[in-house]
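As a plain string of letters, each chain reads:
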Amino acid sequence: MKKIYNLSEEEVKHVAKLAKLTLTEEEIKKFQSQLSEVLAYVDVLKKLETKEIEPTSQVTGLENIFREDQTGQSLSAKEVLANAKKKNNGLFVIKAIFKK
Amino acid sequence: MLKRKIMVFLSSKRFLRNKKMKLNELAIKEAQEGLKNKKFSSTELVKSCLAQIKSQNRGVNALITTCEEEALAQAKKADDLIIHSPLSILHYPLIGIPLVIKDNFCTKGIKTTAGSKVLADFIPVYDATVVAKLKKAGAIIIGKANMDAWAHGSSGENSDFGSTKNPYDKESVSGGSSSGSAVSVATNMALAATGSDTGGSIRLPASFCHVVGLKPTYGRVSRYGIIAMASSLDAIGHFTKTVEDSALILKITAGHDDFDATTPKMPVPDYEKNLGASIKGLKLGFPKEYFNTGLNEEIRKKINESLEQFKKLGVEVKEVSLPHTEYALAAYYIIQPSEVSSNLARYDGLRFGLGRENFGDEAKRRIMLGTYTLSSGYYEAYYLKAMQTRTLIKKDFDEVFKEVDVLLTPVSPTLPFKIGEKATDPLQMYLSDIFTVTANLAGLPGLAIPNGKVNNLPVGFQILGPQFSEEKLFQVAYSYEQAKQ
């Protein structure tokens, strides 16, 4: 019997692209089956009527936390760059994003 | 004949009393006494832990980094301070005490990997707020604990630096994701360890390794400087040998932090002060949905024994219902990967760490799952639906806490399982979290307590309470712990 997947191979590739992950052909197959299984499991929520229910995105009940706009202790430029693979003159060096 | 038996018994008792406990086996409170009365020095205490790490770590793989030189230097400083101003112990509640820190807590100048190859060479330039607070209290960092990479996992097997082994059976898992933290305390490599709990990552390994594990209320302890997993669920706690030590540490780590806007400006109670308060007349509920099919029979028996024990302590025990429990894990496995995919998007290998090709399988799975559930066209069906379910789950708890003061539930549906048993079946692994994720969804505190063994493998239970009820949880657990001794 052919397995029914919630997720097509194309969708796996598309999602990987969105998330900037490079997958091998083998990984695409493996993740397609594993992720489909998880998506099938979470489908249980469809049984639940939630039309009138407000969503909960956080549980603290806190809102609009402000502070005075004052500078405090912060890291030096040297510290901020301490873990960079490439740096130059106090800046991060990265590949060009725009073509010339 | 009888007389002789009694003599033998007495001499064995005396032997036990006189047998010198090794320093690394002490609880924090006991070590504090010893340091204060100059029975031993911090240097001796730290050396004892280092010796234990050297002899045990190869077998259980609990630590990724050991900080031998730094720890000994700190111990010397602590000893100097104790000698020159003996009263300093009053101001530094953890002076000279060696702790293990989970490897997703940023530690200034000490490699912090979060268990992932992506951060294999990352050396933070600042301390997490909790680390700074512990250091300020005099604590000594002796090592950084192994963990499931990015805290994704229930067994410790997802670490990019090898699985942590359960000290009670090295073929079994330690529980995760704070695997090395739990094992380092269980094997006396340190007196306590820090952990993080997004869906059970403190309570599960505590239960699998027979130590006390606290997941505080969401927002009670600052998340600043701890590598984020799922920001609306992450809670920062710790592992200890006793309930008393757990209260002592929370007193230090809890409180408002300007660097974490989810920490309310609420006073931090003196958790130790009323630890011994009577729990007579307390109402304790056991939610029937947590005792349905799927719970190991032996664990159920153990819990029934605990409920009887609580009745003997004068506690009113009653069955209660949390009707939306069956939806909790599904809601969790939408909300959590969604937030994971967002938090892990920042790892580009440019400002720090290595490239995205270094993510392991579990991180890739969660990033993709979250990216999918948040992507256009699916948001309402998954993320919004899960957030609405979260409201219902939270309401269940609000209602039940009108009836009872605390809840008692199992931590894991099974005993510690074998290494490799669930490694190729992510969904089976996720089901390990079925009894623990609810506390994270509702932001409640949970305290996991050791509760004996089945087939020589540890079991535990958890006490859950309303938000910010940690003081009550400690009292309940302390009474139970004392009664069992």
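Per-chain numbering applies: the sequence of each chain, read as written, is numbered from 1 onward. By the order in which they are written, chains take letters starting at A while ligands take numbers starting at 1. Reporting of local features is limited, given that this is a predicted model, to residues whose pLDDT is at least 70; pairs of side-chain atoms are given and counted only at 80 or more, and all residues count toward the totals for whole chains, interfaces and linings. Think of the side-chain values as coming from all heavy atoms in the structure, minus any hydrogens and water.

Undergrad: Got a minute to help me understand the sheet that holds strand β12 (residues 446-454) of chain B in this structure?
TA: Two orientations exist for strands paired in a sheet by backbone hydrogen bonds: parallel and antiparallel. Residues and elements named next belong to chain B. Spatially, 11 strands are ordered β1-β3-β2-β6-β8-β7-β12-β13-β11-β9-β10 in an open sheet, and the strand pairing comes out mixed. The open sheet terminates on both sides in strands that have one partner only, identified here as β1 (63-66) and β10 (316-320). On average, each strand axis in the sheet is tilted by 30° relative to the strand beside it, whichever way the strands run. Sheet analysis places β1 next to strand β3 (residues 140-145), joined by 3 bridges and oriented antiparallel. Following the sheet pairing, Leu 63 is matched in β3 by Ala 145. Any two residues whose heavy atoms approach within 4.5 Å are treated as being in contact. Lines are fitted to the C-alpha atoms to define the axes, a helix being fitted only along its stretch in contact, and any angle between axes, read from their N-to-C directions, falls within 0 to 180 degrees. Only DSSP runs of H or I reaching four residues or more are called helices, and only runs of E reaching two or more are called strands; each is numbered from the N terminus. Against the sheet, helix α13 (residues 380-403) engages β9 (283-287), β10, β11 (406-410) and β13 (457-464), with an angle of about 120° to β11. The pairing criterion is simple: DSSP has to find at least two bridges between the two strands.

Undergrad: Which parts of the structure should I look at to understand helix α2 (residues 28-36) of chain B?
TA: Every α-helical turn comprises 3.6 residues, leaving residues that sit three or four positions apart pointing alike. Residue and element names in this part refer to chain B. A 1.4 Å probe rolled over the protein chains alone gives each residue an accessible area, and that area as a share of the maximum for its type sets the label: buried under 20%, exposed over 50%, partly exposed in between. Among the residues making up α2, those that are buried are Ile 28, Ala 31, Gln 32, Gly 34 and Leu 35. In a view along the axis of α2, the buried residues occupy a sector of 165°, so they form one face of it. Taken together, the buried residues of α2 touch α3 (42-60), α4 (68-84), α5 (88-91), β6 (192-197) and α9 (243-253). Directly beyond the C-terminal end of α2, a positive phi value near 55° is found at Lys 38. The directions from the helix axis to the C-beta atoms form the arc being described.

Undergrad: Help me understand the pattern of salt bridges in this model?
TA: All names here are of chain B. Every case where a carboxyl oxygen of Asp or Glu lies within 4 Å of a side-chain nitrogen of Lys or Arg is listed as a salt bridge. Per the stated rule, a full pass over the model turns up 25 salt bridges over all chains. Between Asp 103 and Lys 144 there is a salt bridge, with its nearest N and O atoms 3.0 Å apart. Residue Asp 103 is located in the loop between β2 (98-102) and α6 (129-136), and its partner Lys 144 is located in strand β3; the two are separated by 41 residues in the primary sequence. Take Asp 103 and Lys 144: they sit in the same class, and that class is buried. Lys 418 is the salt-bridge partner of Asp 169, the closest N and O atoms lying 2.9 Å from each other. Of the two residues, Asp 169 is situated in strand β5 (residues 169-173) and Lys 418 in the loop between β11 and α14 (426-430); the sequence distance between them amounts to 249 residues. Taken together, the shared-partner salt bridges connect Lys 29, Lys 251, Asp 270 and Glu 272 into one network.

Undergrad: Would you take a moment to explain the nonpolar core for this structure?
TA: Considering soluble globular proteins, one finds that nonpolar side chains tend to be buried as a cluster. All names here are of chain B. We call a set of buried Ala, Val, Leu, Ile, Met, Phe, Trp, Tyr and Cys residues a nonpolar core when their side-chain atoms join them within 4.5 Å. Ranked by size, the top nonpolar core spans 171 residues in total, and within it Leu 94, Trp 150, Phe 310 and Phe 397 carry the most contacts. In terms of residue count, the dominant contributor to this core is helix α11 (residues 325-343) (10 residues). With residues near it in sequence (within four places) discarded, Phe 310 still touches Ile 279, Leu 284, Val 315, Val 317, Leu 408, Phe 461, Ile 463, Val 476 and Tyr 480.

Read these as layout, nothing more, since geometry by itself doesn't imply function.
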